[in-house]
2 protein chains.
Amino acid sequence: TEISLAPKEASFDRLKLEDLLKRRFFYDQSFAIYGGVTGLYDFGPMGCSLKANMLQEWRKHFILEEGMLEVDCTSLTPEPVLKASGHVDRFADWMVKDVKNGECFRADHLIKNSIEKLMNDKKVSADVKRDGEDVLARLEGFDDKDMHEVITRFKFKSPITGNDLTEPIAFNLMFPTQIGPTGDFKAFLRPETAQGIFVNFKRLLEFNQGKLPFAAAQIGLGFRNEISPRQGLIRVREFTMCEIEHFVDPEDKSFPKFSKIADQKLVLFPHVINWMEHQRRKSPSEMLLQTKMTIYIMFQKTVANETLGYYMARCHQFLMKVGIDGRRLRFRQHLSNEMAHYAQDCWDAEILTSYGWIECVGNADRACYDLLQHYKATNVKLVAEKKLPQPVDVDIVEAQANMALLGKSFKKEAKKIQSALQQMTSEQVTSLEADLLSKKLFNLNINGEAYPLTPDLINIKKYSKKIHVQEITPSVIEPSYGIGRIMYALLEHSFRQREGDEQRTFLAFKPLVAPIKCSVLPISANDQLVAGIEAVKEELSRYELSYKVDDSSGTIGRRYARTDEIGIPFGITVDFESVKTTPYTVTIRHAETMSQIRLEVSELGRLISDLVAGRQQWTDAQAKYPKFESTTD
Amino acid sequence: TEISLAPKEASFDRLKLEDLLKRRFFYDQSFAIYGGVTGLYDFGPMGCSLKANMLQEWRKHFILEEGMLEVDCTSLTPEPVLKASGHVDRFADWMVKDVKNGECFRADHLIKNSIEKLMNDKKVSADVKRDGEDVLARLEGFDDKDMHEVITRFKFKSPITGNDLTEPIAFNLMFPTQIGPTGDFKAFLRPETAQGIFVNFKRLLEFNQGKLPFAAAQIGLGFRNEISPRQGLIRVREFTMCEIEHFVDPEDKSFPKFSKIADQKLVLFPHVINWMEHQRRKSPSEMLLQTKMTIYIMFQKTVANETLGYYMARCHQFLMKVGIDGRRLRFRQHLSNEMAHYAQDCWDAEILTSYGWIECVGNADRACYDLLQHYKATNVKLVAEKKLPQPVDVDIVEAQANMALLGKSFKKEAKKIQSALQQMTSEQVTSLEADLLSKKLFNLNINGEAYPLTPDLINIKKYSKKIHVQEITPSVIEPSYGIGRIMYALLEHSFRQREGDEQRTFLAFKPLVAPIKCSVLPISANDQLVAGIEAVKEELSRYELSYKVDDSSGTIGRRYARTDEIGIPFGITVDFESVKTTPYTVTIRHAETMSQIRLEVSELGRLISDLVAGRQQWTDAQAKYPKFESTTD
């Protein structure tokens, strides 16, 4: 049911990839000897290194090159913080339960899977199928009532037992815990790293000498208690994410370096096409890909502002650098009913995998929602000062609490009332003053509670003030990267089978992210070669280049195949020529082209680290060093 | 009350350091705008980078150079895993509660603080003080009854309210949560990363082609719900740890590369001295430091085996590399009552800080405890095969369950009984057989439950087998690093005050770990210099070197002071000379020696990355490039 703008690799065989990933321990299910836990995965040596290399490149590409302020906040997060951010009340999925055994299913996934099953059932009528297709197209905007209606109308049951299902129940996706020994300090594991940045806003602004715009970034764990996770690394309960919060003047979201990326081409999939895609589903023949592409070209200027556009372009660059296939990448704009109510625009970088188009990066303009929420909850101003072109006289109207009387009437609540009064704008105070005059009463509303205030409790203070700066609550542009999902897509895109020998599978990684940079292969087990091997190992260590020595007895061609399988880009062979004279020489085999050169051991570290970082290309190396002809590949 | 083998820095002022760390945002309390949470800290840009550099060096020093297998396992851990490891039952501290308001205190900390207060009280008699000193010396070995006795005898109260205290209650230090929507899948946040490695043992052994010894390593978060954390980064509830599990034949713990470190000198503090130290506390005048040093020399060969010794030496090297002061580092051997019952030897790397000697790294020989525990819990064999010098005939005696009958008698328990029978050694089966013959009954004990088995339920099978390999459960040597603690010690050891100007404080980091490697300083705000600045930035980015441009209006000397404060080792100045001719040239100022050289911009990246990695020294650079004399420092 997914429409791809790019062709799928015809020969892709997910089972073969999964076999390779398990066998060479890229990753595997956690706690398998205890029966395993769905949605939890452990990374082995290959997966760890791949992930570390991706993270290092992310850090370089964003934090270093853009001069971002990195923070590292805790996963443990007190309840009030996530109450303010809206997660306690709204970070939930709808689930339905098997009425007999209590088994839980995510309601939208159950509907999607049940309809897809129905589509493949020859006994089901065309009318019902059309109805089902329509539901699929609208499913993302469904609430609990809509889903209940569908489950009832189609008579969907538990796919496992065939039992009836309950009405959809909201299930909060955060993992709860408590901090400290008393049990009454409630906390959650953070569902995203973003909130840690928002609560540090003041410190970060100060670190940046009070100036806007600036970006903060965080690399760390997120936790989501998924209802019934499937699809391997794509839907997991504990994952590494990289998030950026770019704080900017809401009235000026231009980006100084925008010209650097202005000519970059991205595949955009704006909400207009999104909407037409939904329409298309209703009557499949109406619209062709060709038409859609024309519309896409018409809507090239759909991104809300320069800052958001800049980050989308940089996102594209990052994904290309680590090795994502550009033909299987698109930026899909959210429909208005998909976005959070406060968001102004949102573009997901989606990558095409054998599971369909997968959301891997969100690029959203969150406006000033988060900072305002934390301000409301703490009464700590989260604002920046913006210099006015010229000083302005403003009339200030303030409502000051008479704390002595307020304390008598409201006891402990007095403080809360005082801070609510302090947070009122001049306009709000003016209207309060009018109420006090006319009705002798003002009903102050704090989080839905009404506090009746009488004139004796409040002094209205009015004065004029010359102001030089304006306080503004910055807007936030948030690019948010799911590293596990990108890694999985990368593994699919890097997977190859040798033509004519489909059993011989391998991974073609870019040197930048390859888990192991070099294999070190003695041509024979002869002791004469040991000194050469040791010299190579020492040289590579000096340049922090990872390597794997394969001194097993297989032929050199067989050993190359083993190293190709885990995507080692450079093979260093030590032969008898190597140790005949000093300084020692070795050959490097470039896995991608299978060509070889010969050079001194002392030149290895610098050359390979330049090739890995992209400061030199293999063709440069070929031009500089003599070619080596091997008969053994 | 701590005895130091090394002198404290006379001038160290913790408040001044804390002020610098807060002001330049190395780290600070988490969720401060919400009132903060004790034991949780957020790292700002400087702390993040310092930590990332330490972790990168750790990864190079251990994982890369020793060829370790890195894994990355989940923090969420199901209860049965931590039940098997012993954490559910025993990972607890004793706490006492204020009987009136319920406030909790860690019992041993309360006793220590109360006694220290008493020691400074002039009204307390010498007898009582001697008694208190004796308690302090023995406190680490105390159980709940001992502590209750002390609290009662000394009449200790809540230090906050003066109220009475409850008896000590065990409080488990793991954070509890649940996985999935049903609420009945109990889990904890891992208190250490080690268990993730143990449950992956089979995969890792296979990755290593079935060969021992090998080491696996993990860098990740650990969580401990401390009762009432104090002391900043030293006692926190969420922290980064680096752990190694080295799996080795229990009968051969020699280490192939031991000769490389055999001559290295470490300050050892073996348990004999430990014990004498305790004795000394009873009668302070009896033993002098001199005597102790003599004994230390006598006990140089106290480390249990080569593998443990090797890791201690490598630990020392790592701590030196990142910048710990060697005079404030010692390895303290655990007393037998401090060690877990299964541990064979344990040496803590302790670093002297203003809080006393702090345990920063544990180096323990854990024997085969963990692998055996997980085997018992899962019935999955966690063993390696060791080739025998020659094949051996062995007599096997096995107890096979008659599952049909066993199922009738024991229903669901039958499986458990079967696997318990399978786990029995030949010796145990022989004794079972004897019982069945003599008493017609064998009482099988599984976790304290007795299962009466009659002869009809069991077939005894005996046969002879030629075996070529022996199955062994490897011993585990575990070095475990607390990165936050090492970082805090490093910050104290790197803190300096300029002589004659004590207000001017700074951090003298090694280039390897410095959060920012270079400052880029235009000599004036003149537009002519912009092209030079841009060229420098681009060159540094190409080599992934972090930098901070300071184009503020202060004098160059003032700007150097600001960069010294955060420990930037190299200052790159762009002056009018720089852009007069192409290729551009700049000067580098070496913060430590304040000396300067002049070179081309295109040489910067290579030189500085060599200096950072230690492939070149500053003296090498001085020999190669012309000296630059500045009048402005």
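The present account deals with the structure reproduced in this document. (Residues numbered from 1 in each chain as written. Chains lettered and ligands numbered in written order. Predicted model: local features only at pLDDT ≥ 70, side-chain atom pairs only at ≥ 80, totals over all residues. Heavy atoms only, no water.)

Attention now goes to the interface of chain A and chain B. Facing the 78 residues of chain A at the interface are 78 residues of chain B. Carbon and sulfur atoms supply 63% of the area buried between chain A and chain B, which totals about 7,000 Å² over both sides. For chain A, the biggest contributors to the area lost against chain B are A:Ile33, A:Tyr34 and A:Arg203; these three give 11% of the whole. One can count 6 salt bridges joining chain A with chain B. Among the salt bridges present, the one from A:Arg203 reaches B:Asp28, with a minimum N-O distance of 3.3 Å. Inspection of the chain A/chain B interface yields 26 residue pairs in polar contact (both at pLDDT 80 or more). Considering every element that reaches the side of chain A that touches chain B, the biggest residue donor is helix 2 (residues 45-64) of chain A, with 9 residues. Looking at the side of chain A that touches chain B, its residues break down into 42 nonpolar, 18 polar and 18 charged. (Contact = heavy atoms within 4.5 Å. Buried area = accessible area lost by both parts, 1.4 Å probe. Salt bridge = Lys/Arg side-chain N within 4 Å of Asp/Glu carboxyl O. Polar contact = N/O pair within 3.5 Å; in protein donor to acceptor, adjacent residues only side chain to side chain. Helix = DSSP H or I, 4+ residues; strand = E, 2+ residues; numbered from the N terminus. Nonpolar A, V, L, I, M, F, W, Y, C, P; charged D, E, K, R; others polar.)

Grouped together as the largest cluster of nonpolar side chains are 190 residues, with contacts concentrated most on A:Phe26, A:Trp58, B:Phe26 and B:Trp58. Among residues more than four places away in sequence, those in contact with B:Trp58 are B:Ile63, B:Ala217, B:Ile219, B:Cys242, B:Glu243, B:Ile244, B:Phe318 and B:Tyr481. (Core = buried A, V, L, I, M, F, W, Y, C linked by side-chain atoms within 4.5 Å. Buried < 20%, exposed > 50% of the residue type's maximum accessible area, 1.4 Å probe, protein only.)

With that out of the way, let us pick up the relation of the copies chain A and chain B. Least-squares fitting of chain A to chain B yields an RMSD of 0.1 Å, with the superposition described by an axial translation of 0.0 Å and a rotation of 180 degrees. Such a combination of turn and shift is consistent with a two-fold rotation axis. Across chain A, the rotation axis passes nearest the C-alpha of A:Thr177, at a separation of 2.7 Å. (Least-squares fit on C-alpha atoms with pLDDT ≥ 70 in both.)

So, on to the pairing of strand 11 (residues 238-248) of chain B. All names here are of chain B. Counting buried residues along strand 11, 11 of its 11 residues qualify, which places the element largely inside the surrounding structure. Both faces of strand 11 are covered, namely the face carrying Glu238, Thr240, Cys242, Ile244, His246 and Val248 and the face carrying Phe239, Met241, Glu243, Glu245 and Phe247. In terms of strand pairing, strand 10 (residues 214-223) meets strand 11 through 10 bridges, oriented antiparallel. Paired with phenylalanine 223 across the strands is glutamate 238, a residue of strand 11. Looking at chain direction, strand 11 and strand 20 (residues 475-482) are connected through 6 bridges and run antiparallel. Looking at strand 20, one finds that phenylalanine 247 is bridged to valine 476. (Pairing = 2+ DSSP bridges.)

Residue and element names in this part refer to chain B. Pairing is mixed across the open sheet formed by 8 strands, whose spatial order is 3-10-11-20-15-14-13-12. For this open sheet the edge positions go to strand 3 (69-71) and strand 12 (268-269), each flanked by a neighbour on one side alone. Where strand 13 (residues 329-333) meets strand 14 (residues 345-353), 5 bridges bridge the pair, whose relative direction is antiparallel. What sits directly across from leucine 329, in strand 14, is isoleucine 351.

It is worth spelling out the packing of aromatic side chains at this point. Counted by the stated rule, this structure contains 40 aromatic pairs over all chains. Pairing B:Phe318 with B:Tyr481 gives two aromatic rings, centres 5.9 Å apart and planes at 90 degrees, and the pair type is edge-to-face. Remark: B:Tyr481 occurs in strand 20 and B:Phe318 occurs in helix 13 (residues 306-322); sequence separation between them is 163 residues. Taking relative accessible area as the criterion, B:Phe318 reaches 0% and is therefore assigned buried. Members of the aromatic cluster, connected to one another through ring pairs, are A:Trp58, A:Phe62, A:Phe318 and A:Tyr481. Above the face of the A:Tyr355 ring, A:Arg14 is positioned so that its terminal group lies 3.7 Å from the ring centre. Directly above the ring of A:Tyr560 sits A:Arg589, whose terminal nitrogen or CZ lies 4.1 Å from the centroid. (Phe/Tyr/Trp six-rings, centres within 6.5 Å; stacked < 30°, edge-to-face > 60°. Lys NZ or Arg CZ within 6 Å of the ring centre and 35° of its normal.)

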